[in-house]
Protein chains: 2
Amino acid sequence: MDLMNGTDHAPETPTLKIKAFFESTPPLKDAAEIETKLKEFVNRNLLSENGKANRVVCVTSGGTTVPLEKRCVRYIDNFSSGHRGSASTEYFLKAGYSVIFLYRRGTCQPFCRSLPEDPLLECFTSTDDSNSQVDPSYAEVVKRAITENRSAVSRGFLLKLPFTTIFEYLQILQLIAVSLRSLGLSAMFYLAAAVSDFYVPWESMNDRNTTMTSAPKSQASYGRTIHKIQSGSGPLDMRLAQVPKMLYVLRNEWAPLAFCISFKLETDTDILLGKADMALKKYKMHMVVANELSTRKEEVIVVTEQEKITVRRDTTQLMADVEDPLINLVVDRHSAYINHSDA
Amino acid sequence: MDLMNGTDHAPETPTLKIKAFFESTPPLKDAAEIETKLKEFVNRNLLSENGKANRVVCVTSGGTTVPLEKRCVRYIDNFSSGHRGSASTEYFLKAGYSVIFLYRRGTCQPFCRSLPEDPLLECFTSTDDSNSQVDPSYAEVVKRAITENRSAVSRGFLLKLPFTTIFEYLQILQLIAVSLRSLGLSAMFYLAAAVSDFYVPWESMNDRNTTMTSAPKSQASYGRTIHKIQSGSGPLDMRLAQVPKMLYVLRNEWAPLAFCISFKLETDTDILLGKADMALKKYKMHMVVANELSTRKEEVIVVTEQEKITVRRDTTQLMADVEDPLINLVVDRHSAYINHSDA
């Protein structure tokens, strides 16, 4: 099956493209376990203390990888620290939302943003069998990380689901979307993850084995890219296929009632706003958060059908971040969306 | 300047290729600081307590990245947990070596192999301002991680230097090699890192900017790969150049007296041994450690000029690892190398 855009045999609709993509991806190993967790989490939030359903947001965070080999040693990665996703999760929890945190393994966790790179080795000075002494300069952030993160998880407000590859990410996102359908308008998708645009179709990949060491030079084509990963014969040509646009299917099929926010990252503001506008219309997003790479921690522009709103961090406060006012705005618009639909 | 193998204008010797590679790479940001640390570390080890120079090994660990953009969001990565490098470092320290641990940011640290993925959130149950309660099931590994790692660093036996990109890795490796020259035969290189074979020449890369969104389709060529990273126009073609073989220059110019061990990873044992043999001869390594992907935690084959030695972990012990007997063998051969040269 040919998964490519622009080739003769390409499936024609986004739905068919995604069906073909999923058919060719390796099955999710722990799908049953994830489904059970999601079911429990959604049920708990359908029956909250006040008798109404809680609002639930799925925050995606970090970057996806694209394996270049089946027994994967080499892969293409999208860098993202997960800072925005983890910070946003904290503010959503504060605003009373329950959060499904779909994050890249190893990236920043909620309430852990202020920790150093290697917290265990950098924050603790000594230890006996059951207690560890915390370096005083880190006492506050370590305390916050451990208590608030654990508390949100144990009280059932935070469900953390890790991914690594684009294949895992999209399959888990679908499971989440389908499970959140029962929440209707109260569900939100806040898609801050850096998702690969291109991938190597799984079925055209070879195992990392002898074929890697003896392939002849030839024109780039899917799969053959892998044969050619050997270090004795000049340059390496690779051809990657486009990842089908999942936003379309998310909005139209998986969770048509959910409030949907996607992200755009560029370095040129003019192009950025054009692309954000396009995503808004093409995928029927409710909001697109436009980031300029160099200023993304200071401000973002929120694009909706009616307006473009610049959201800035409070620069009078040293520790203030842009996610604080951003989540305020998002929650506000989600409320309006729910109320408008009720009317 | 053309950095390619097999093209008309390619520099002809490994030395020239590496010179060209370094001239085209972004300069190392903290080079001066690294040089100072190395100088102090080497001086301390030149004058040990017994009046003789300590043995010093540079252990490389984890995988290098290849940026696909100058303001890097996308990159190719070589997966490596850093388990072998960190385990080997522990055994070298135990054998009395001082270790320069050149590791990929975020990968496994010495004495931390048995910790869970996110130790801070998984090992600690509660905390007050200065103490954190350790989950009893993790008490032993947390204690070991904190005390032994800190102790090795504070007593001056362990110098940890992080890298991310192939450019950083090779530049820091050169600084280390040059600084270890004064140790002569007492220096060792144990090159366990998973180093990229292919890269995008820095000078041919564009900033992540408007060029990414408007390039026409065209044949793959260096740099143009970057222009084409946009998600609206079919497949992505990339062409990567070969990373020059640094082992040759390391052995012949940077540190000609040091004892050198490199690693080969494949999935087919026959091909593996052939490639290990080739590396041994081509780069004049003293040892090549041949790993088969699926069995690499159980056994490795050490290839020297005279012999092929299979090294296995002690399967009668649950926690025994292959690095324990491997480092025994390596230290033994390093001793013979020093003594033979003295004779």
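All values reported here derive from a predicted model rather than from experimental measurement. (Residues numbered from 1 in each chain as written. Chains lettered and ligands numbered in written order. Predicted model: local features only at pLDDT ≥ 70, side-chain atom pairs only at ≥ 80, totals over all residues. Heavy atoms only, no water.)

1. Considerations on the confidence of the model for chain A
Residues and elements named next belong to chain A. Threshold: Each residue carries a pLDDT score, the predictor's confidence in it, ranging from 0 to 100. Residues count as neighbours in contact if any of their non-hydrogen atoms are within 4.5 Å of one another.
Scored by pLDDT, chain A has a mean of 85; 86% of the residues are at 70 or more. pLDDT under 50 marks residues 1–8. Its contacts with residues more than four places away, or in other chains, come to 21 contacts. Scoring the predicted complex yields pTM 0.85 and, for the interface, ipTM 0.80.

2. So, the nonpolar core
For the record, the criterion: Think of a nonpolar core as a cluster: buried Ala, Val, Leu, Ile, Met, Phe, Trp, Tyr and Cys residues, connected wherever their side-chain atoms sit within 4.5 Å. Buried residues are those whose accessible area, probed at 1.4 Å on protein chains only, stays under 20% of the maximum for their type, while exposed residues exceed 50% and partly exposed ones sit between those limits.
Grouped together as the largest cluster of nonpolar side chains are 122 residues, with contacts concentrated most on F189 of chain A together with F189 of chain B. Residues within four places of F189 of chain A in sequence aside, it is in contact with C58, L173, I176, A177, L180, L250, A255, A258, F259, C260 and I261 of chain A. Grouped together as the second largest cluster of nonpolar side chains are 33 residues, L185, F259, V289 and L326 of chain A included.

3. Things to note about the sheet that holds strand β9 (residues 198–199) of chain A
The condition is simple: Strands were regarded as paired on the criterion that DSSP finds at least two bridges between them. Numbering of helices and strands runs from the N terminus; a helix is a DSSP stretch of H or I covering at least four residues, while a strand is a stretch of E covering at least two.
The strand order β9(A)-β10(A)-β10(B)-β9(B) describes an open sheet built from 4 strands, whose pairing is antiparallel. The open sheet terminates on both sides in strands that have one partner only, identified here as β9 of chain A together with β9 (198–199) of chain B. Bridging between strand β10 (residues 236–242) of chain A and strand β10 (residues 236–242) of chain B involves 5 bridges; their strand directions are antiparallel. Following the sheet pairing, D237 of chain A is matched in β10 of chain B by R239 of chain B.

4. Focus on the sheet that holds strand β3 (residues 74–78) of chain B
Heads up, the rule is: An axis is simply a line fitted to the C-alpha atoms; with a helix, the fit covers only the stretch in contact. Between two such axes, the angle follows the N-to-C directions and lies from 0 to 180 degrees.
Read across the open sheet, the 4 strands follow the order β2(A)-β3(A)-β3(B)-β2(B); overall the sheet is antiparallel. Edge positions in the sheet fall to β2 (65–67) of chain A together with β2 (65–67) of chain B, since each of these pairs with one other strand and no more. Strand-to-strand, the axes of this sheet are offset by a mean angle of 25°, without reference to chain direction. Pairing between β2 of chain A and strand β3 (residues 74–78) of chain A: 3 bridges, direction antiparallel. By the bridge assignment, P67 of chain A is partnered in β3 of chain A with Y75 of chain A.

5. Some words on the packing of helix α6 (residues 166–180) of chain B against helix α9 (residues 246–254) of chain B
A packed helix pair is summarised by two numbers, namely the angle formed by the two axes and the spacing between the axes. Residue and element names in this part refer to chain B. Threshold: For classification purposes, an angle smaller than 35 degrees is called roughly parallel, one larger than 145 roughly antiparallel, one from 65 to 115 roughly perpendicular, and anything else oblique. In a left-handed crossing the near helix is turned counterclockwise from the far helix by less than a right angle, and in a right-handed crossing that turn is clockwise.
Running from amino to carboxyl end, α6 crosses α9 at an angle of 20°, the nearest separation of the two axes being 11 Å. By the criterion of interaxial angle, the relationship of α6 to α9 is roughly parallel. As for how α6 packs across α9, the hand of that crossing is right-handed. Contacts between α6 and α9 involve L170, L173, Q174, A177 and V178 on the former and, on the latter, M246, L250 and W254.

6. Digging into the pairing of β10 of chain A
Residue and element names in this part refer to chain A. Counting buried positions over the 7 residues of β10 gives 6, a clear majority of the element. Both β9 and β10 contribute to a ladder of 2 bridges, which runs antiparallel. By the bridge assignment, F198 is partnered in β10 with Q242.

7. Some thoughts on the packing of aromatic side chains
The way to describe two aromatic rings as a pair is by their centre distance and the angle between their planes. Residues and elements named next belong to chain A. Note the threshold: Between the rings of Phe, Tyr and Trp (Trp by its six-membered ring), a pair exists once the centres lie within 6.5 Å; its type follows the angle of the planes, with under 30 degrees stacked, over 60 edge-to-face, and the other angles tilted.
Under the criterion given, the structure shown has 23 aromatic pairs over all chains. Both rings, one in F21 and one in Y199, keep their centres 4.9 Å apart while their planes meet at 70°; by these two values the pair is edge-to-face. With F21 in helix α1 (residues 14–24) and Y199 in strand β9, the pair connects residues that are 178 residues apart, well separated along the chain. Take F21 and Y199: they sit in the same class, and that class is buried. Plain terms: the ring middles of F22 and W254 are 6.2 Å apart, the flat faces sit at 25° to each other, and that makes the pair stacked. On the criterion of sequence distance, the pair formed by F22 in helix α1 and W254 in helix α9 (residues 246–254) is long-range, its members being 232 residues apart. Of the residues examined, F22 reaches a relative accessible area of 18% and is grouped as buried. You can call W254 buried: its relative accessible area is 4%. One aromatic cluster is present, built from ring pairs that chain together F21, F22, F167, Y199 and W254.

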